[in-house]
Amino acid sequence: MTAIRAEELLGRKISRFKNVRPLKRSLDYSLRKFLGEVQGTSHKILVQKIRKEPCEKKQKALKRSLPGVMLSGVGDRNDPKKKEEPDFDHSGLLQMDFDNSDNPELDVEAMLKELKKDTHLLALFLSPRRGIKAVVPIPQSVDQHRDSFEMASAYFRQTYGLVADELPKNHRSLCFLSHDPDAFVRDDLVQMFVPDSSSQLQGNTVTQSHSNAVTQIRSNAQEYPRG
């Protein structure tokens, strides 16, 4: 089993976007700074408004005004008018979303308590709509990203009965900023999800293997977060 220091993972760079509309990132910063932003008050008012809104449609509309980050790496988003994807440098981080819509009987507080004990989890925080967002380490490889997601998704389903949102299997998927002053961040070793050795590690490359190749349209559709 592969383990990595939390301190090293927290220093990895990710890209931030002003909201879901821009294709160009506004800045690159560390996961540590992103989590600090979640714990801070910058988005408190809007997130509280989202959580108090009873209409799901209005919740989603409000949420689209929040900034987003590409947790799995550094790069711009795909332009549907262009055939070539922009460069992407994988962070070795994977976003896991456990939404209330996929887990209708989810006891968020009890589940957070359990997940904090699991050394696969680097970070945990409440999503804008009070679901659970988690960050786990995986290999720094675009080619292994989908297999890593499938492995992590199966683990959480089998271990905790949690159904993960499918969108983060796309390495360019966005994660909305949120507000959670009690966001959990591990400070010691974290266990990495490493797919079967038959998945060849290609390093930080945007070259897609046959098993995880997707069309440009599908890739763009999967970039938009739901949680």
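A. Looking closely at the sheet that holds strand E4 (residues 68-70). The sheet built from 4 strands is open, its strands ordered E3-E2-E4-E10 with antiparallel pairing. Each end of this open sheet is capped by a strand with a single partner; those strands are strand E3 (27-30) and strand E10 (175-176). Lying over the sheet, helix H2 (residues 31-39) contacts strand E2 (13-17), E3, E4 and E10, oriented at roughly 90° with respect to E3.

B. Examining the packing of aromatic side chains more closely. Counting across every chain of the model gives 7 aromatic pairs. For the pair Tyr155 and Tyr160, a centre-to-centre distance of 6.5 Å together with 75° between the ring planes defines the contact as edge-to-face. Residue Tyr155 is classed as partly exposed on the basis of its relative accessible area of 22%. One aromatic cluster is present, built from ring pairs that chain together Phe98, Tyr155, Phe156, Tyr160 and Phe193.

C. Layout of helix H5 (residues 108-115). Those residues of H5 not exposed but buried are Val108, Met111, Leu112 and Leu115. Buried residues of H5 fall within an arc of 105° about the axis and therefore sit on the same side. Tucked into the core, H5 has its buried residues touching strand E8 (123-126), strand E9 (132-137) and helix H6 (145-160).

D. Molecular detail of the environment of Tyr160. Following the sequence through the fold, Tyr160 ends up in helix H6. Since its relative accessible area comes to 21%, Tyr160 is described here as partly exposed. As a C-alpha pair, Tyr160 and Met111 span 49 residues in sequence and 8.3 Å in three-dimensional space. Those residues within four positions of Tyr160 in sequence are excluded, and the remaining contacts are Met111, Glu114, Leu115, Asp118 and Tyr155. In terms of polar contacts, Tyr160 uses its side chain to reach the side chain of Asp118, at 2.6 Å.

E. The arrangement of the pattern of salt bridges in detail. Evaluated as defined, the whole model comprises 14 salt bridges. Between Lys24 and Asp76 there is a salt bridge, and its shortest N-O distance comes to 3.5 Å. Of this pair, Lys24 sits in the loop between E2 and E3 while Asp76 is found in the loop between strand E5 (73-75) and strand E6 (88-90), placing the two residues 52 residues apart along the sequence. You can call Lys24 exposed: its relative accessible area is 60%. Between Arg25 and Asp28 there is a salt bridge whose closest N-O contact spans 2.8 Å.

F. The environment of Lys60, seen in detail. Mapped onto the secondary structure, Lys60 falls in helix H4 (residues 56-63). Distance from Lys60 to Arg129, taken between C-alpha atoms, is 8.9 Å for residues 69 residues apart in sequence.

G. Region of interest: the confidence of the model for the chain. Averaged over the chain, the pLDDT score is 89; the fraction of residues at 70 or greater is 86%. Every residue in residues 198-221 scores below 50 in pLDDT, and together they form 46 contacts with partners more than four places removed in sequence or on other chains.

H. Seen up close, unusual backbone geometry. Even without glycine at this site, Arg130 takes up a positive phi of about 65°. In this structure, Arg130 sits in the loop between E8 and E9.

I. Region of the structure containing the sheet that holds E8. Reading across the sheet, the 4 strands line up as E7-E9-E8-E11 and stay open at both edges, with antiparallel pairing between neighbours. The open sheet terminates on both sides in strands that have one partner only, identified here as strand E7 (93-98) and strand E11 (184-185). Pairing analysis gives 6 bridges linking E7 to E9, with the strands arranged antiparallel. Among the inter-strand pairings, Leu93 is bridged to a residue of E9, identified as Pro137. Most of the contacts of H6 go to E7, to which it runs at about 40°, and overall it touches E7 and E9.

J. The pairing of E8, seen in detail. Along E8, one buried face is formed by Ala123 and Phe125 and the opposite face, lined by Leu124 and Leu126, is buried too. Across 4 bridges, E8 lies against E9 in antiparallel orientation. Each residue of the ladder has a partner; that of Leu124, found in E9, is Ala134. Connecting E8 to the next strand, E9, in antiparallel fashion are 5 residues, including Arg130 with a positive phi near 65°.

Rules used throughout
- Residues numbered from 1 in each chain as written.
- Predicted model: local features only at pLDDT ≥ 70, side-chain atom pairs only at ≥ 80, totals over all residues.
- Heavy atoms only, no water.
- Pairing = 2+ DSSP bridges.
- Helix = DSSP H or I, 4+ residues; strand = E, 2+ residues; numbered from the N terminus.
- Contact = heavy atoms within 4.5 Å.
- Axes fitted to C-alpha atoms, helices over the stretch in contact; angles between N-to-C directions.
- Phe/Tyr/Trp six-rings, centres within 6.5 Å; stacked < 30°, edge-to-face > 60°.
- Buried < 20%, exposed > 50% of the residue type's maximum accessible area, 1.4 Å probe, protein only.
- Arc of directions from axis to C-beta.
- Polar contact = N/O pair within 3.5 Å; in protein donor to acceptor, adjacent residues only side chain to side chain.
- Salt bridge = Lys/Arg side-chain N within 4 Å of Asp/Glu carboxyl O.
- pLDDT = per-residue confidence, 0-100.

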